[in-house]
Amino acid sequence: MTPKRISMLTVVYALVAILLFNLTSSHNYASADTGQQIPQWFRDNASIWLSGNINDQQFMQEIHNLITSLSSKETVSVNQTTTASPSVISQSKNCNDNNYPLVDWHGCDHSGEYLSHAHLDSSNLQGTNLSHANLFKADLVEANLNGANLNNAEMANTDFSSANLSGASMVSTDAQFSDFNFVTMNNANLTGTILHDSTMRWATFHGIILKNANLDRVLFMNSDLSGADFRGASLQDTGFAYANLTNANFDGVDLSSADLGSAILTGANLHCKNNPVCN
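Note that this is a predicted model, so its numbers are computed, not measured.

Summing up its helical and strand segments, the protein has five helices and zero strands in all. Starting at the N terminus, the α and β elements of the protein follow one another as α-α-α-α-α. The long-range share in the protein, meaning contacts at least 24 apart out of those at least 6 apart in sequence, stands at 11%.

Below, the structure written as structure tokens:
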């Protein structure tokens, strides 16, 4: 936690306070209490950012999601008492779209919601805030989750096959026993995520962050993991057969039972232990 980051967070809170004041005062509402108005999901993500587990670019996306969420909620309040233009109404309605399975929740705040067993296949969830949500056994096949916030979500036994999760944040998420086959997940952050016994075959994970993740018995067969960061991860009986691990980082990782048969290890950091590939 650096003074620079703490100072930046103070500025962010101040800007949010100004936004809340402008929104509330412009419609003759009571003055905003910033401490109550800033949602808990953003406070949690700010703490994760302060600890260094998400980068500045990902935190800027969270700021954007917060402002979008506050603005859309204010639009809904205005629509309840005034006549708004058709364009404003349509913009505020998408967050309440229940046209399953093809919902359009892009940029919406559904943090903490109960979505267990939800049919969200082929849905537009780009930039959606689903932190702390319950997505147990949800169907997210071919869903667009580009840049989505899934931090601390409950997603065990969830089907993500062929979904787009590029740039998504899944810090400290429980996604054990899930299906990630054929997904695109470039530059996603899965720090501390529980993924044991999941399948992640024929998928694209270029630049993915898997620090301190539980990857026991995960199958990465034929997947592109070039540039992946595995530092601190648990890799007991993890399968990497025919995976592309070019420039992957295994610094300090115990690979005693990992299967690296036929994997591409060109340029990888192999300062690992308990495996013939380690140096």
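This part is about the pattern of salt bridges. Per the stated rule, a full pass over the model turns up two salt bridges. The partner of D197 in a salt bridge is R217, with the nearest N and O atoms 2.8 Å apart. Taken together, the residues D197 in the segment after helix 5 (86-93) and R217 in the segment after helix 5 connect sequence positions 20 residues apart. Residue class for D197 comes out partly exposed when judged on its relative accessible area of 25%. D229 is the partner of R231 in a salt bridge, and the nearest nitrogen-oxygen pair spans 2.6 Å.

Another point: the side chain of S123. By the element assignment, S123 lies in the segment after helix 5. Owing to a relative accessible area of 1%, S123 belongs among the buried residues under this scheme. Separated by 3.2 Å, the side chain of S123 and the backbone nitrogen of V103 make a polar contact. Looking at S123, its side chain comes within polar contact range of the main-chain oxygen of L120, at 3.0 Å.

According to the stated counting rule, one finds two disulfides in the structure shown. Two residues share a disulfide in this structure: C95 and C108, whose sulfurs sit 2.1 Å from each other. Given an S-S torsion of about -90°, the disulfide between C95 and C108 has left-handed geometry. On the criterion of sequence distance, the pair formed by C95 in the segment after helix 5 and C108 in the segment after helix 5 is long-range, its members being 13 residues apart. Using a relative accessible area of 18% as the deciding quantity, one classes C95 as buried. With its sulfur 2.1 Å from that of its partner, C272 forms a disulfide with C278. An S-S torsion of about -115° defines the bridge between C272 and C278 as left-handed.

Moving on to the environment of I194. As for its placement among the helices and strands, I194 is situated in the segment after helix 5. Between the C-alpha atom of I194 and that of Q176, which follows or precedes it by 18 residues, the distance is 5.7 Å.

The next subject is the packing of aromatic side chains. Aromatic ring pairs are defined here through the distance separating the ring centres and the angle between the ring planes. For the structure on display, the rule yields eight aromatic pairs. Between Y100 and W105, the ring centres sit 6.3 Å apart and the planes meet at 85°, which makes this aromatic pair edge-to-face. A relative accessible area of 40% means that Y100 is categorised as partly exposed. Ring pairs connect the aromatic residues F205, F220, F230, F240 and F250, which therefore count as one cluster.

Let's shift gears to unusual backbone geometry. That bond from Y100 to P101 is cis: its omega, 0°, falls within 30 degrees of zero. Secondary-structure assignment places P101 in the segment after helix 5. At S162, a position not held by glycine, the phi torsion is positive, near 65°. Structurally, S162 can be placed in the segment after helix 5.

What follows is about the nonpolar core. Core analysis: the largest hydrophobic core is formed by 59 residues, its most contacted members being F230, F240 and F250. Setting aside its immediate chain neighbours within four residues, F240 contacts F220, L225, F230, L235, L245, F250, A258, D259, L260, G261 and A263. Counting residues in hydrophobic clusters, the runner-up holds 12 residues, among them I48, W49, I54 and I63.

A few words on the environment of L235. Mapping L235 onto the fold places it in the segment after helix 5. Placed 20 residues apart in sequence, L235 and L255 show a C-alpha to C-alpha distance of 6.4 Å. Beyond its immediate stretch of four places on either side in the chain, L235 contacts L215, D216, F230, F240, F250, V253, D254, L255, S257 and A258.

Here the focus is the confidence of the model for the protein. Mean pLDDT for the protein: 84, with 78% of residues reaching 70 or above. The element-level mean pLDDT for the protein is lowest in helix 5, coming to 39, with helix 3 (residues 40-50) highest at 74. Confidence over residues 26-36 falls short of pLDDT 50; this stretch has 19 contacts with residues more than four positions distant or in other chains. For the stretch residues 74-92, pLDDT sits under 50, and the model shows 15 contacts to residues farther than four places along the chain or on other chains.

Thresholds applied
- Residues numbered from 1 in each chain as written.
- Predicted model: local features only at pLDDT ≥ 70, side-chain atom pairs only at ≥ 80, totals over all residues.
- Heavy atoms only, no water.
- Helix = DSSP H or I, 4+ residues; strand = E, 2+ residues; numbered from the N terminus.
- Contact = heavy atoms within 4.5 Å.
- Salt bridge = Lys/Arg side-chain N within 4 Å of Asp/Glu carboxyl O.
- Buried < 20%, exposed > 50% of the residue type's maximum accessible area, 1.4 Å probe, protein only.
- Polar contact = N/O pair within 3.5 Å; in protein donor to acceptor, adjacent residues only side chain to side chain.
- Disulfide = S-S within 2.5 Å.
- Phe/Tyr/Trp six-rings, centres within 6.5 Å; stacked < 30°, edge-to-face > 60°.
- Core = buried A, V, L, I, M, F, W, Y, C linked by side-chain atoms within 4.5 Å.
- pLDDT = per-residue confidence, 0-100.

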